[in-house]
Amino acid sequence: MDFKNQNMTPPSYYGRSSAAITQTNSVMKKVYVRMFVGMLISAFCALGVASSPSAMSFFFSNQIVFWGIFIGMLVMAFVIPARLTRMSTSTCMLLFCIFAAAMGVWLAPVFVIYKLGSIVSTFFITAGTFGAMSIYGYFTKTDLSKIGTYLVMALWGLIIAIVVNIFLKSSSLEWIISIVGVLLFTGLTAWDTQMVKRLAAANIDPQMSDKLATMGALNLYLDFVNLFLFLLRFLGVSRD
């Protein structure tokens, strides 16, 4: 049930019964709590690795380990949604926590490259932007499905541009990528929030709703992390 990889249009939330609304609110609470847990796991892992020169050397000097973590995260990002209906709720949550830990390791260099003050200030700006867009996605009566389709297409375009720039090393293209990244993940935050809300209203099975909460937490977690990283390119102050 990956909202970015499946062509689905959830039923409208408005006009649903009070039971569906209660169900939706329950799922959304779990989404934000699990997202917060994932962010805490990532933060502790990132700080732990960044504070240890031996850990930094192990994870980022060893190409096998470095690319192994990256490939592992990609696999989990596709496996979790694809096997959501066949996994137990505990397995789904465990994989999300492992993903958050791996992402934390991947983010460790941020604490080495940028000053802590700029990381903290960028985090709060990201939190404010994310919160505003998530609230908009939750309460708006505008159907964001069509916009979401274009956002997903733009996401793939952004990924291709990032890969191309690894070889070109163009500062101008990197600047454009950063601007597009901020705008893109700002929009995806609102869209993902609305998708989770509508799918929660359509799923009354408790087990499936619990898995949906984990999947929604993963999507919003990724929106937040990516928005933070792109904003950090503008707002981050280097230690050099």
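All values derive from a computational prediction rather than experimental measurement.

1. Description of the packing of aromatic side chains
Consideration 1: Taken as a whole and assessed by the stated rule, the structure comprises 14 aromatic pairs.
Consideration 2: Each ring, one from Phe 66 and one from Trp 67, has its centre 5.2 Å from the other, and the planes form 90°; the classification is edge-to-face.
Consideration 3: Judged by centre distance (6.0 Å) and plane angle (85°), the ring pair of Phe 96 and Tyr 221 falls under edge-to-face. Placement of the pair is Phe 96 in helix 4 (residues 89-113) and Tyr 221 in helix 8 (residues 206-235), with a sequence separation of 125 residues. Considered together, Phe 96 and Tyr 221 belong to a single accessibility category, that of buried residues.
Consideration 4: Between the NZ or CZ atom of Lys 197 and the centre of the ring of Tyr 138, over which it lies, the distance is 4.4 Å.

2. Some remarks on the nonpolar core
Consideration 1: Membership of the largest hydrophobic core comes to 48 residues, with the highest contact counts inside it found for Met 35, Ile 80, Phe 99, Met 103, Leu 218 and Tyr 221.
Consideration 2: Counting only elements with at least two residues in this core, the list comes to helix 1 (18-50), helix 2 (53-61), helix 3 (63-82), helix 4, helix 5 (116-139), helix 7 (171-202) and helix 8.
Consideration 3: Counting residues per element, this core draws most heavily on helix 8, which supplies 13 residues.
Consideration 4: Filtering out sequence-adjacent residues up to four positions away, Phe 99 remains in contact with Met 73, Met 76, Ala 77, Leu 218, Tyr 221 and Leu 222.

3. Description of the pattern of salt bridges
Consideration 1: By the definition in use, this model includes three salt bridges.
Consideration 2: Its salt-bridge partner being Asp 210, residue Arg 34 comes within 2.7 Å of it at the nearest N-O pair. Of the two residues, Arg 34 sits in helix 1 while Asp 210 sits in helix 8, which places them 176 residues apart along the sequence.
Consideration 3: The exposure class assigned to Arg 34 is buried, which follows from its relative accessible area of 14%.

4. Concerning helix 4
Consideration 1: With 25 residues, helix 4 ought to run about 36 Å at 1.5 Å a step, and its terminal C-alpha atoms sit 37 Å apart, in line with that.
Consideration 2: At Trp 106, helix 4 is deflected by roughly 35°, the largest bend along its length, and proline Pro 109 occurs up to four residues later in sequence.

Scoring rules and cut-offs
Residues numbered from 1 in each chain as written. Predicted model: local features only at pLDDT ≥ 70, side-chain atom pairs only at ≥ 80, totals over all residues. Heavy atoms only, no water. Phe/Tyr/Trp six-rings, centres within 6.5 Å; stacked < 30°, edge-to-face > 60°. Helix = DSSP H or I, 4+ residues; strand = E, 2+ residues; numbered from the N terminus. Buried < 20%, exposed > 50% of the residue type's maximum accessible area, 1.4 Å probe, protein only. Lys NZ or Arg CZ within 6 Å of the ring centre and 35° of its normal. Core = buried A, V, L, I, M, F, W, Y, C linked by side-chain atoms within 4.5 Å. Contact = heavy atoms within 4.5 Å. Salt bridge = Lys/Arg side-chain N within 4 Å of Asp/Glu carboxyl O. Expected span 1.5 Å × (residues − 1). Bend = angle between axes of the 7 residues up to and from the residue.

No statement about biological role is implied by the geometric values presented.
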